[in-house]
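# Reading the structure
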Amino acid sequence: MIQLSGITKRYSNGFEALKEVSLEVDDGEFVIVTGHSGAGKSTLLKLIAGIELPSAGSVVVGGQSLRRLSPQAMALLRRNIGLVFQDHKLLFERSVFENVALPLAISGFSHKDAAKRVRAALNKVGLLNREKANPIQLSGGEQQRLCIARAIVNRPAILIADEPTGNLDSEYARTIMDMFKSFNQVGVTVLLSTHDERWVERYQPRKLTLVHGKLDHAGNEPVKPG
Amino acid sequence: MSTWWRHQGQALASALRRVARTPLATLLSILVIGVTLALPAALYLILTNLTGLASRLNVEPQISLFLSLDASDTEVQALQAQLQANPAIARVQFVPRDEALAEMKRVSGLADIVQTLDKNPLPHAFVVRAKLGSPEILEQLRGQFATLPKVDSVTVESAWARRLASFNAAGEKLVGLLSVILGIALLIVIGNTIRLQVLTQREEIEVGRLIGATDAFIRRPYLYFGALQGLVGGLLALGLGLAGIVWLTGSLSEIIALYAPDFRPQPWQLEAALLVTGGATLLGWLGAYASVSLYLAQIKPR
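Keep in mind that this is a model prediction, so the values were computed, not measured. (Residues numbered from 1 in each chain as written. Chains lettered and ligands numbered in written order. Predicted model: local features only at pLDDT ≥ 70, side-chain atom pairs only at ≥ 80, totals over all residues.)

### Focus: the overall build of chain A
Along the backbone of chain A there are seven helices and ten strands. Every one of the 226 residues in chain A was classed for burial, and the buried ones make up 44%. A sequence separation of at least 24 residues applies to 66% of the contacts in chain A between residues at least 6 apart. (Helix = DSSP H or I, 4+ residues; strand = E, 2+ residues; numbered from the N terminus. Buried ≥ 20, exposed ≤ 12 C-beta atoms within 10 Å, placed from the backbone. Contact = placed C-beta atoms within 7 Å.)

What follows is the structure, encoded as structure tokens:
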């Protein structure tokens, strides 16, 4: 379970990205965070992933308050959270295979076990035949899928994606969103941000709407099937 | 295999890949380490050899008493009896002036000049070996002998050996001081090399942190890289030091043949070689640790 209580995030330049946000996300939920550009979607996801710390309030993930975690404990927690970034954050000095294998190397998997998992993850995102390629040789959609493969290879309990379809055309975007839905269907808690309301209608997730850093409670009811 | 060992293997492999990716920069760094360490290492080796050389020379405490030219045989015999009765003296050897002149002709190569002398300019002498050779006792005996009748001058012939020992002791301190100063310089050099590596790998470090890498995991390949550089640099310093002593021995071969013909230059002793390579490896490790830790504190995931 993820719990945010009275979260305010104020950056050093004085900008308040989030104001008094409180919410709970149960295990296995599929949550889409929507809102206009600058509404605080990315900040909210960063706070849950422990990339940022709140200026006020508390974030609890899996029963652990992130503010109290040591760097070591935070690193261990992050191994249980798959992160998909809008800018992918791929390593272009490493092959596709090595990019996906990195979280497993960090977790201490043997090369043999890691190779099995990497190929399974690449197969899941349709990149098995590109394992030796350099990420720079991949299209934008393929790079996004590679980022997803890296996020899921450790079989995390939580998957967080910030604008995963932001730079993709409609067809690629639907493929990517279908993947997230399929991960959710096997029990993974999925939180993703988007400003595209089409996905809310298509997948009927729990929808959280942010308006100028505050949760718009009127817009946060689960969307009923039409 | 345990996770810990697997992580060590991964870090070592990563460090070796880093060497392969940047061979020129690594080579330059190793050369800097090797040449910097070669100076104290070579000095240490020279001092070790000087000590060995000194031990082969006659360093038994020996005092020479040169008598006045007018000393009679009776006075010489009285003096000999007086010296032999001294409890601080182990052995007394009389060197008659004629014998000294003959020896001078034989050894010095001045036979022709000596032939031209109308009388023997050398005095009778006593060569005395003290039971104890501490500088204080020898100095005390010297003062005592100088007051004896018909004694013209007294020389303590181990003085030069003591000077050599003092020189060695000062040299050892110099080596220690140089090692500390150059060690600090090496820490900075290695730290800076690693800092540049960290900066070029900033992206990788950030991503690693985002996906659960601990600081220890991130730091480890750099530590191995620094230690590898130090190890190879240390081996290079050993080689340079050895080359230095061989060259120096060659240059001083005539002097060595004259004073210590059975002297052979000593290569590195195992302990000293381990100290140099181990020290260099440790410096590499420490330099990398300090550098990476400093920059990890600054690099935060966006």
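### What about unusual backbone geometry?
Residue and element names in this part refer to chain A. In this structure, Glu20 is a non-glycine residue whose phi angle is positive, near 50 degrees. Here Glu20 is to be found in strand 2 (residues 16-25). For Glu20, a count of 14 C-beta atoms within 10 Å translates into the label partly exposed. Within the chain, Arg155 stands out as a residue other than glycine whose phi angle is a positive 50 degrees. Note that Arg155 resides in the loop between helix 5 (140-152) and strand 7 (158-162).

### What about the nonpolar core?
Membership of the largest hydrophobic core comes to 106 residues, with the highest contact counts inside it found for A:Ile48, A:Ala149, A:Leu159 and A:Ile160. The element contributing the most residues to this core is helix 9 (residues 215-251) of chain B, with eleven residues. For A:Leu159, the residues in contact, after removing those within four places along its chain, are A:Gly82, A:Ala151, A:Ile152, A:Phe180, A:Phe183, A:Val188 and A:Val190. Judged by nonpolar contacts, the second largest core, of eleven residues, contains B:Leu65, B:Ala130, B:Leu141 and B:Phe145. (Core = buried A, V, L, I, M, F, W, Y, C linked by C-beta atoms within 7 Å.)

### Notes on the environment of B:Leu141
Along the chain, B:Leu141 turns up in helix 6 (residues 135-146). Those residues in contact with B:Leu141 that sit more than four places away from it in its chain are B:Ile63, B:Ala88 and B:Ala130.

### Overview of the packing of helix 1 (residues 3-21) of chain B against helix 9 of chain B
All names here are of chain B. With their axes 8 Å apart at the nearest point, helix 1 and helix 9 run at an angle of 55 degrees to one another. One element, helix 1, and the other, helix 9, form an angle in the oblique class. At the point where helix 1 passes helix 9, the crossing takes the right-handed sense. Residues His7, Ala11, Leu12, Ser14, Ala15, Arg18 and Val19 of helix 1 touch helix 9, and the partners they reach there are Phe217, Arg220, Pro221, Tyr224, Phe225 and Leu228. (Axes fitted to C-alpha atoms, helices over the stretch in contact; angles between N-to-C directions. Parallel < 35°, antiparallel > 145°, perpendicular 65-115°, else oblique. Left-handed = near helix turned anticlockwise from the far one by under 90°.)

### Details of the sheet that holds strand 5 (residues 64-65) of chain A
Remark on secondary structure: sheet strands pair via backbone hydrogen bonds, oriented parallel or antiparallel. Residues and elements named next belong to chain A. Across the sheet, four strands lie side by side as 2-1-4-5; this open sheet has antiparallel pairing. Two strands close off the open sheet at either side, each with one partner strand: strand 2 and strand 5. Pairing of strand 4 (residues 56-61) with strand 5, which is carried by two bridges, proceeds in the antiparallel orientation. Residue pairing in the sheet places Val60 in a bridge with Ser65 of strand 5. (Pairing = 2+ DSSP bridges.)

### Details of the interface of chain A and chain B
Tallying the contact residues gives 16 residues for chain A and 17 residues for chain B. Elements with a minimum of two residues in the side of chain A that touches chain B: helix 2 (71-78) and helix 3 (96-107) of chain A. No other element matches helix 2 of chain A, which puts five residues into the side of chain A that touches chain B. Of the residues in the side of chain A that touches chain B, the class split is ten nonpolar, three polar and three charged. (Nonpolar A, V, L, I, M, F, W, Y, C, P; charged D, E, K, R; others polar.)

### Description of the sheet that holds strand 10 (residues 214-215) of chain A
Residues and elements named next belong to chain A. The sheet built from six strands is open, its strands ordered 6-7-8-3-9-10 with mixed pairing. The open sheet terminates on both sides in strands that have one partner only, identified here as strand 6 (81-84) and strand 10. Summarising the sheet, strand 6 and strand 7 pair through four bridges and their orientation is parallel. Looking at strand 7, one finds that Ile81 is bridged to Ile158. Those strands touched by helix 6 (residues 170-185) are strand 3 (30-35), strand 7 and strand 8 (189-193), and its axis lies near 155 degrees from that of strand 8.

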